[in-house]
Amino acid sequence: MLWRRALRAGGRASCRALRVSARAPSAMPAWVIDRYGCNEALRFTRDMELPAIRFPNEVVIKVHAASLNPIDLSMRSGYGSTALNMKRDPLKLKSEETEFPLTLGRDVSGVVMECGLSVSYFKPGDEVVWAAIPPWKQGTLSEFVVASGNEVSFKPKSLSHTEAASLPYVGLTAWSAVHQVGGLNQSNCSGKRVLILGASGGVGTFAVQLVKAWGAHVTAVCSHDASTLMKKLGADDVIDYKSGNLEEQLKALPLFDFILDNVGGSTEKWALNLLKKWSGATYVTLVTPFLINMDKLGVADGMLQTGVTIGSKTVKHLCKGVHYRWAFFMPSGPNLDEIAELVDSGKIQPVIDQVFTFSEVPKAFLKLEGGHARGKTVIDVISRK
């Protein structure tokens, strides 16, 4: 893996930008939105503009499979539109009026079709790549997608494209929360008591497996019908949040070294009391007001308000003997390399709730919108039926 990182960071150009003759000359099929709204805003088109390489570190991927995440529902409704729209076109190559059509979808597993001049780690024809495309870029519910070379990795050899597409976004989100922000790793996690709130969703099912692979004692909070799945994934204790007062159930257990909160809301008011004080114990939440602040206040004021909020909360809880952190999805090919090794070693497995064909994308959104998912909602893009 070290040679992969070194080559990714400093290798000389060995891949030229090649035009792919097998694809349509100017357009491709895709699911897009032309306005923010509910599911009726989704539109299928065969005339979406083909993605082009604009920077030397980019690659074009032919999408074999994609998957949906809660952020796709949020983006469809306009959540984060102020910040993400600005980042999606940082060079102002398009006017404000041409922000749409917008393609949703963050996960991809597929085949490399073209490479920019500085890409040395991949070549056209590599059939086994996966990536998570950041929200400020056009998404993966299309025939082709552009990604930066440092966002792409070779997918696990043990997984099909459909299975692989279920993991990148949730895997990198959990990796960010647990490892990069939370500070847990293979060498320090053994024996630690870890609580995961909202354990049966995409991020939760990955996080349970990750910290268990590193030797933690895992307590998973979910509904009763997901308890069998949680045990299968390695959770030591499973708490049904519907079976009584959740706070009281958790207070009856020994204190925790680490809490990952996928739920937010009122949970934050009491969850930090479950941590061991003055021991380095950490609470990490994935439910933050970052994009809401951007939408309401604009980019500059939104970032300022966000900084003030996280700063005040961090200091407040540090004075009480615990660490308070926010975590976000972070695109990273090198981190996907590490995740792929965990998958191929059998320590992490994909958890798929349901697979839809490309023509059933609106149904997939409705499925995700209904909540109570047990893992990921996946789109088989190659299937046109």
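Residues numbered from 1 in each chain as written. Predicted model: local features only at pLDDT ≥ 70, side-chain atom pairs only at ≥ 80, totals over all residues. Heavy atoms only, no water.

The protein chain has the name NAD(P)H oxidoreductase RTN4IP1, mitochondrial in an unreviewed UniProt entry, where Piaya cayana is given as its organism. In the Pathway (unreviewed entry) part of its UniProt record, the protein chain is described as follows: "Cofactor biosynthesis; ubiquinone biosynthesis." Among the UniProt annotations of the protein chain, the heading Sequence similarities (unreviewed entry) holds the following wording: "Belongs to the zinc-containing alcohol dehydrogenase family. Quinone oxidoreductase subfamily." (UniProt positions renumbered as here; feature names shortened; annotations may be inferred.)

This next bit is on the overall build of the protein chain. Secondary structure assignment for the protein chain yields 13 helices and 16 strands. The contacts of the protein chain with a sequence gap of at least 6 include a subset with a gap of at least 24, amounting to 73%. (Helix = DSSP H or I, 4+ residues; strand = E, 2+ residues; numbered from the N terminus. Contact = heavy atoms within 4.5 Å.)

The next thing to look at is helix α5 (residues 168–181). The sharpest bend along α5 reaches about 30 degrees and sits at Trp175. The buried fraction of α5 amounts to 11 of the 14 residues, a majority that puts the element mostly inside the structure. Inspection of α5 places Pro168, Tyr169, Val170, Gly171, Leu172, Thr173, Ala174, Trp175, Ser176, Ala177 and Val178 among the buried residues, and these make up the whole buried set. Within two residues after α5, Gly183 carries a phi angle of roughly 80 degrees, on the positive side. (Bend = angle between axes of the 7 residues up to and from the residue. Buried < 20%, exposed > 50% of the residue type's maximum accessible area, 1.4 Å probe, protein only.)

All right, on to the confidence of the model for the protein chain then. Taken as a whole, the protein chain shows an average pLDDT of 87; of its residues, 85% reach a score of 70 or greater. Every residue in residues 1–25 is under pLDDT 50, and counting partners more than four places away or in other chains gives 50 contacts. (pLDDT = per-residue confidence, 0-100.)

A complete count under the given rule lists 11 salt bridges for this structure. Across the pair Lys123 and Asp126 runs a salt bridge, and its minimum N-O distance is 3.1 Å. According to the relative accessible area criterion, Asp126 is buried, its value standing at 10%. The closest approach of N and O atoms between Arg374 and Asp225, which form a salt bridge, is 2.7 Å. With Arg374 in the loop between α13 (361–369) and β16 (376–380) and Asp225 in the loop between β10 (217–222) and α7 (227–233), the pair connects residues that are 149 residues apart, well separated along the chain. Classification of Arg374 as buried rests on a relative accessible area of 15%. (Salt bridge = Lys/Arg side-chain N within 4 Å of Asp/Glu carboxyl O.)

Moving on, we get to the sheet that holds strand β12 (residues 258–261). Across the sheet, six strands lie side by side as β11-β10-β9-β12-β13-β14; this open sheet has parallel pairing. With partners counted over all chains shown, the strands left at the sheet margins are β11 (237–240) and β14 (323–326), one partner each. When the angles between neighbouring strand axes are averaged without regard to direction, this sheet yields 15 degrees. Where β10 and β11 come together, four bridges link them in parallel fashion. (Pairing = 2+ DSSP bridges. Axes fitted to C-alpha atoms, helices over the stretch in contact; angles between N-to-C directions.)

Let us now look at the packing of α5 against helix α6 (residues 202–213). In contact at an axis separation of 8 Å, α5 and α6 are set at 55 degrees when each is read in the N-to-C sense. When the interaxial angle is binned, α5 and α6 end up oblique. Of the two possible hands of crossing, α5 and α6 adopt the one that is right-handed. Note on element contacts: α6 touches α5 through Gly202, Val203, Phe206, Ala207, Leu210 and Val211, opposite Val170, Gly171, Thr173, Ala174, Trp175 and Val178. (Parallel < 35°, antiparallel > 145°, perpendicular 65-115°, else oblique. Left-handed = near helix turned anticlockwise from the far one by under 90°.)

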